[in-house]
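# Overview (structure and organization)
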Amino acid sequence: MRETGAPTRVTLAGGGTAWLITRYEDVKDVLMDPRLSSDRTRPGYPFLTDDAAYLAEVRVFPGMDAPDHQHYRRMFIKEFTARRIRELRPEVERIVAERLDAMERTGGPADLVTALALPVPSLVIARLLGVPEADRPRFLELTELLLTGRAVPAEGQSADEAEAAAQQRGEEAFRELLRFMRELVKAKRAEPTEDLLGRVAAEHVASGALDEWELVITAMLLLFAGYETTANMIALGTAALLAHPDQLALLKDSLDHDGGALLPSAVEELLRHLSIAELATARTALEDMEVGGVLIRAGEGVIPLAGAANRDPAAFADADRLDLRRTPNRHFAFGHGAHQCLAQTLARLELEVVFGALFRRFPDLRLAVPLDEIPFAYDAVLHGAYALPVTW
């Protein structure tokens, strides 16, 4: 579709239609254009399935337009400044080191998803939100339940029964996590603490600019947006490096000789190359407009595909190749424009710390099974891996 150039109209699983945008320049224009709305309540918003339409009832600022979007975003943006994220680095390094210590004690082979990729972002977000130390094991357990609910039939169980059981486990974990977050927000209101929820509750809930439920929903959004995406990037990024030994050799050389100076560039290239959140954004046209030479009518849905744009040869030389030294690298892994990911600096920090520490600790890390035997999450909206067996 990208090679033909023009936006393509498609039928979605739920029966609706939308325009897919695949070229780099068109995706950039769409993500910057105020004539395209992020409001999920608008008629014509392109939900991928009927089941996803419930999101229209969940009012969080990424699903709002100006001026509401900016109003709510400003309440949280100072929690993700470069200074605040730098202050988190020692904690991120400690969390990663503890997980690697556990891997080393247990010995290989290990599943990198459960040993490292899932717990690291969960524990970082627990620290960011201000989850008390005593509650973090349960918080970690609940978040992992939400992401590891793959339907694998037990002996004597049908695929449909396994799917129903996995869905039930996920729903129960979600409800308990929501109750957990509500109680946490109430506690922060009663006794504000020096963490994201404590500061926002003290400043914005106390003033009436934000109500308690809005803070709970935003906390859940931050959890899901920052947890599954980073966990998937850790797993897939490791798999990509192990599958490209020439690029991994460059990274190891940097870790050995210049303190890992290549890490920031390597993270950017992995983000571009993998594009795990291709379908994380969608829009509705507010008026008739032209995109890529095609007329899109008011009320029609538009889905810019970051993964296609991030492999556009018009924007990236040898675009399908993993090149850790690639520069410039202006990808759309975190979106673009006013709705660009709020926590991208935190995600970058986590990925730099993880990949640096992982390959310093286990320089001979390798896949324990052939690449084509890894259960990649092709059935999920966010690309990832259900397991990543490694050894050393």
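Provided above is the structure to which this section pertains.
Residues numbered from 1 in each chain as written. Predicted model: local features only at pLDDT ≥ 70, side-chain atom pairs only at ≥ 80, totals over all residues. Heavy atoms only, no water.

## Topic: the sheet that holds strand S3 (residues 36-37)
Pairing is mixed across the open sheet formed by 5 strands, whose spatial order is S1-S2-S8-S5-S3. Two strands bound the open sheet, and with one partner strand each, they are strand S1 (8-11) and S3. Two strands pair when backbone bridges link them, and S1 and strand S2 (residues 17-21) are joined in this way by 4 bridges, in the antiparallel orientation. Pairing of arginine 9 across the sheet is with tryptophan 19, part of S2. This element, helix H1 (residues 24-32), spans S2, S3, strand S5 (283-285) and strand S8 (301-304) of the sheet and lies at about 125 degrees to S8. (Pairing = 2+ DSSP bridges. Helix = DSSP H or I, 4+ residues; strand = E, 2+ residues; numbered from the N terminus. Contact = heavy atoms within 4.5 Å. Axes fitted to C-alpha atoms, helices over the stretch in contact; angles between N-to-C directions.)

## Topic: helix H10 (residues 245-257)
An ideal rise of 1.5 Å per residue puts 18 Å on 13 residues; H10 measures up with 18 Å between its terminal C-alpha atoms. Taken together, the buried positions of H10 are Gln247, Leu248, Leu251, Ser254 and Leu255. Burial along H10 is one-sided: seen end-on, the buried residues are contained in an arc of 120 degrees. With respect to the buried face of H10, the exposed residues turned more than 90 degrees away are Pro245, Asp256 and His257. (Expected span 1.5 Å × (residues − 1). Buried < 20%, exposed > 50% of the residue type's maximum accessible area, 1.4 Å probe, protein only. Arc of directions from axis to C-beta.)

## Observations regarding the sheet that holds strand S4 (residues 110-111)
Pairing within the open sheet is antiparallel, and its 3 strands lie in the order S4-S10-S9. Two strands close off the open sheet at either side, each with one partner strand: S4 and strand S9 (366-367). With 2 bridges connecting them, S9 and strand S10 (residues 389-391) associate as antiparallel partners. Across the sheet, the residue bridging to leucine 367 is valine 390, located in S10.

## Notes on the packing of helix H9 (residues 212-243) against helix H11 (residues 263-274)
In the contact formed by H9 and H11, the axes pass within 10 Å of each other and the chain directions differ by 95 degrees. Looking at the two axes, H9 sits roughly perpendicular to H11. Between H9 and H11, the residues in contact are Met233, Leu236, Gly237, Ala240 and Leu241 and Leu270, Leu271 and Leu274, respectively. (Parallel < 35°, antiparallel > 145°, perpendicular 65-115°, else oblique.)

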